[in-house]
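Okay, here's what each chain looks like letter by letter:
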Amino acid sequence: MHITVGDVVLPGDLIGEQDELKKVVYGPGLRVHQNQIYAVTSGIFKKKPDANYYYVDTFHQKRYVPVRSEDVLGVVTNKSGDIFKVDIGSSEQASLSYLAFEGATKKNRPDIQVGDLVFAKLVVASRDMEPELVCVDSYGKKGKLGPLPEGGFVFSCSLNLVRKILKKDYPLFNVLGKDISYEISVGMNGKVWVKAATIPQTIAVCNAILAAEHKTKDEIDEMSKQILKMLAYC
Amino acid sequence: MKESILSISEKTFILSALSETRRLDGRKLDEFRPMKIHFGSDWGCCIVTLGQTKVIAQVSCEVQQPKPTRPNEGLLLLFVELSPMGAPHFEAGRQSDLAVQLNRLLEKCIKDSRCVDLESLCITAEEKVWAVRVDVNILNHEGNLVDAASLAALTALSHFRRPDVTTTGEQTIIHDPAERDPIPITLHHHPVCVSYAVFDKGNHVIADPTAIEERVSEGQIVFGVNAYRELCGLHLGGNAPITLEMVNKYATRAAKRALELVTQMKKALAEDLKNRISGIEVGFRDCIDSNNRLSLGKDNFQIQLFTPDFKKERAKRASNIDVKEEKINDEVMDDSSEDDSEPVIVSVGKGSAELVNQKKQDMKLRRKRKLQNDEGGKEYDVDESSSSEESDNLDKESEDTRKNGEPMSDSEIQVVAEYKGTENKPNENKVIANIELSGDSEEEETVLLHGEDLKNGSTEKGRGRCPKEEKMEGDEPHSRGWYSKPTW
């Protein structure tokens, strides 16, 4: 059976032979074994429109499989020696060196407690190795990375929803932002942190995000209006 | 897999939300998630869902030798299993602390309360008895496993049919279900668990905690209660200081909830039996709703501002507001016995009476309430005579309303409707108490009626929606109340 882009694939499906001459990147869900390309997860076989990048899109997956250079949101679970262990929802906990923060030196350690939330970038995401996080970019600046401020609420959602809300043209955040001011941090691992001025507002934003998963743009507008109306009663 | 640790943000958020009497899923503090019961095609098999928590129970039986200490009693065995299907941190095979605790709680509630008639399970004394085994499996863990597991076990037990047996001399014949109709197990009463979670050193107590609330809570109170308000088990967990008053207060509420659950269970059982008799195929496939993303559950988000029920109520209330009538909360009528004018006892029918408030008194109170309304602030002058539970509710409500400037809680909606009723029939009286005067009991029972009861009462001639109603209809033994009820 010949598989083309847009087909549904199952683990073990043979997609094709590796072409040595063409430069092709095999993304998540694909594996090369003896010059043959196989799907290793179930989902839709896709190709990035502007690059020779093939991958399997897994909808509604809840388990996060770390991918290099993705930004994730994690909970610090352990402090041992010179690394923090961070739970990012993957099968293994990621490690985050205390030197991987802006301005951190051996003497000047970042102030992070167990249970804190960090927004970090994955630098090592191999299937045989422990994932590794950093909170600085290649220039040593923190940018948007680093420990999240106190307060707010964090919840998990499906990976599909996270990818959806991170699209540039996704209307939800703008619609909500007209009436509620809030901070948000969305990790590719399905964890979302929201902080608004009041507790009902925070719950409203979380509710809106979760409810938006299977809605069209018009429905999102309608839903946001509904939620804002409800918020007036709080 | 180890359970992932909770972040500090989640903990503080839940606690600060509770201090505003708000919960993540939009419920009120004393609100339970909807409970649903589905039956499998086999006898003694059911799935109970409590919000997103799902529990399956299966009852089976076999012939065994009885215990030498209890030669003429059958055996009841309860097993709870937590598999990784329920939650990733449950381990298969090994019994975790939670599983042991659940098992013990169910045993306390069902086995130790002796609700199953074990003597009826005896075939021949000292030789053969039925061993009834209840297997409870957690399909999904979203908090409050105890409630769901206990109701599942109890429903499965009441649903179960064991094969009929005849003994002729030394021979024992176990009849095939096709040959003779299998027999249900006799249950003397129906105890269920109702659990509460305690926060902030006992300042906040919530009903039916979700998984995350359970993890943040300082302690939990689990009541095993049956429909007669009898306490069949009590478990105080965690390290929160729990006072006697708290236990008393929540035991009363748990009793109310237990009655609801048991009524619901009986209704579901009756419906299932009706379906089976009329030949409709019964099975779990009915509980899969193809219109929903999730089988067994509506799209009910774990984080939401208000529960769908509340939204409906609000819509109803919004339509009421349009009338722009001045409506006054009549809930104070409950307590009018404290006032100067004498309440009158009016006989309603054989064996019951109503304590009735005089009309004048009504008007006076209403005027008073109206004044308070006009002033903007909504103060309820609730008084000691109503139970602590009710005054607590009112306090909360008044708090809510003060914050929002307009009424929003459900009891008020009901009261609004009720007031309309009294408007149409101005002479209609208020039921204050339902006093049992019949001769078969020495005890006098006084039942405190709530706002919703009043509504029922005015239509049903003073019959409260309380354990009494069941007692009146059923031929069960009378007056088994354990808790001191407020007397007049």
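These numbers come from a predicted model, not from an experiment.

Rules used in this analysis
Residues numbered from 1 in each chain as written. Chains lettered and ligands numbered in written order. Predicted model: local features only at pLDDT ≥ 70, side-chain atom pairs only at ≥ 80, totals over all residues. Heavy atoms only, no water. Helix = DSSP H or I, 4+ residues; strand = E, 2+ residues; numbered from the N terminus. Buried < 20%, exposed > 50% of the residue type's maximum accessible area, 1.4 Å probe, protein only. Areas by Shrake-Rupley, 256 points an atom, 1.4 Å probe, with all protein chains shown as cover. Core = buried A, V, L, I, M, F, W, Y, C linked by side-chain atoms within 4.5 Å. Contact = heavy atoms within 4.5 Å. Salt bridge = Lys/Arg side-chain N within 4 Å of Asp/Glu carboxyl O. Lys, Arg positive; Asp, Glu negative; His and termini not counted. Pairing = 2+ DSSP bridges. Disulfide = S-S within 2.5 Å. Axes fitted to C-alpha atoms, helices over the stretch in contact; angles between N-to-C directions.

A.B. asks: Honestly, the overall build of chain A in this entry has me stumped. Any pointers?
C.D. replies: Within chain A one finds four helices and 16 strands. By residue count, 45% of the 234 residues in chain A fall in the buried class. Accessible area of chain A: about 12,600 Å², with a carbon and sulfur share of 51%.

A.B. asks: Hey, could you run me through the nonpolar core in this one?
C.D. replies: Looking at soluble globular proteins, one finds that nonpolar side chains tend to be buried together. Counting 78 residues, the largest nonpolar core has Leu96, Leu133, Phe155, Leu172 and Ile209 of chain A as its most contacted members. Here the element with the most residues in this core is helix H3 (residues 199–211) of chain A; it accounts for nine residues. Excluding anything up to four places from it in sequence, leucine 133 of chain A contacts Val72, Val86, Ile88, Ala94, Ser95, Leu96, Ser97, Ala100, Ala120, Lys121, Leu122 and Val123 of chain A. Counting 72 residues, the second-largest nonpolar core is a separate cluster that includes Leu76, Val116, Ala153 and Cys193 of chain B.

A.B. asks: Sorry if this is basic, but what is going on with the pattern of salt bridges here?
C.D. replies: Under the definition given, this model contains 18 salt bridges over all chains. Lysine 121 of chain A is the salt-bridge partner of aspartate 71 of chain A, the closest N and O atoms lying 3.1 Å from each other. Taken together, the residues aspartate 71 of chain A in strand E8 (residues 71–80) and lysine 121 of chain A in strand E11 (residues 117–124) connect sequence positions 50 residues apart. When its relative accessible area of 24% is taken as the criterion, aspartate 71 of chain A is described as partly exposed. Measuring nitrogen to oxygen at the nearest pair gives 3.9 Å for the salt bridge that ties aspartate 30 of chain B to arginine 253 of chain B. Of this pair, aspartate 30 of chain B sits in the loop between helix H1 (8–19) and strand E1 (35–39) while arginine 253 of chain B sits in helix H5 (residues 244–277), placing them 223 residues apart in sequence.

A.B. asks: Is there a simple way to think about the side chain of arginine 162 of chain B in this case?
C.D. replies: Residues and elements named next belong to chain B. The residue arginine 162 is located in strand E7 (residues 161–162) in this model. Summary of buried charges: arginine 162 has no salt-bridge partner, and the nearest side chain of opposite charge, aspartate 164, is 5.2 Å away. If near-sequence neighbours (up to four positions away) are discounted, arginine 162 is found in contact with Cys61, Ser120, Leu121, Trp130, Pro182 and Ile183.

A.B. asks: Got a minute to help me understand the sheet that holds strand E7 (residues 53–57) of chain A in this structure?
C.D. replies: Strand pairing in a sheet relies on backbone hydrogen bonds. The paired strands run either parallel or antiparallel. Residues and elements named next belong to chain A. Spatially, four strands are ordered E1-E6-E7-E3 in an open sheet, and the strand pairing comes out mixed. Looking at which strands have only one partner, the edges of the open sheet turn out to be strand E1 (8–9) and strand E3 (25–26). As defined by bridge partners, E1 adjoins strand E6 (residues 43–47) across two bridges and the pair is classed as antiparallel. Its bridge partner lying in E6, valine 9 is registered against glycine 43.

A.B. asks: Could you clarify how one ought to interpret the state of the cysteines in this entry?
C.D. replies: All names here are of chain B. Under the criterion given, the structure shown has zero disulfides over all chains. Cysteine cysteine 232 remains unbridged, with the sulfur of cysteine 109 as its closest cysteine sulfur at 6.0 Å. A relative accessible area of 16% places cysteine 232 in the buried class.

A.B. asks: Honestly, the sheet that holds strand E14 (residues 153–156) of chain A in this entry has me stumped. Any pointers?
C.D. replies: All names here are of chain A. Reading across the sheet, the three strands line up as E14-E16-E15 and stay open at both edges, with antiparallel pairing between neighbours. Looking at which strands have only one partner, the edges of the open sheet turn out to be E14 and strand E15 (182–186). Across the sheet, the mean angle separating the axes of adjacent strands is 20° when strand polarity is ignored. Both E14 and strand E16 (residues 191–196) contribute to a ladder of four bridges, which runs antiparallel. Each residue of the ladder has a partner; that of serine 156, found in E16, is lysine 191.

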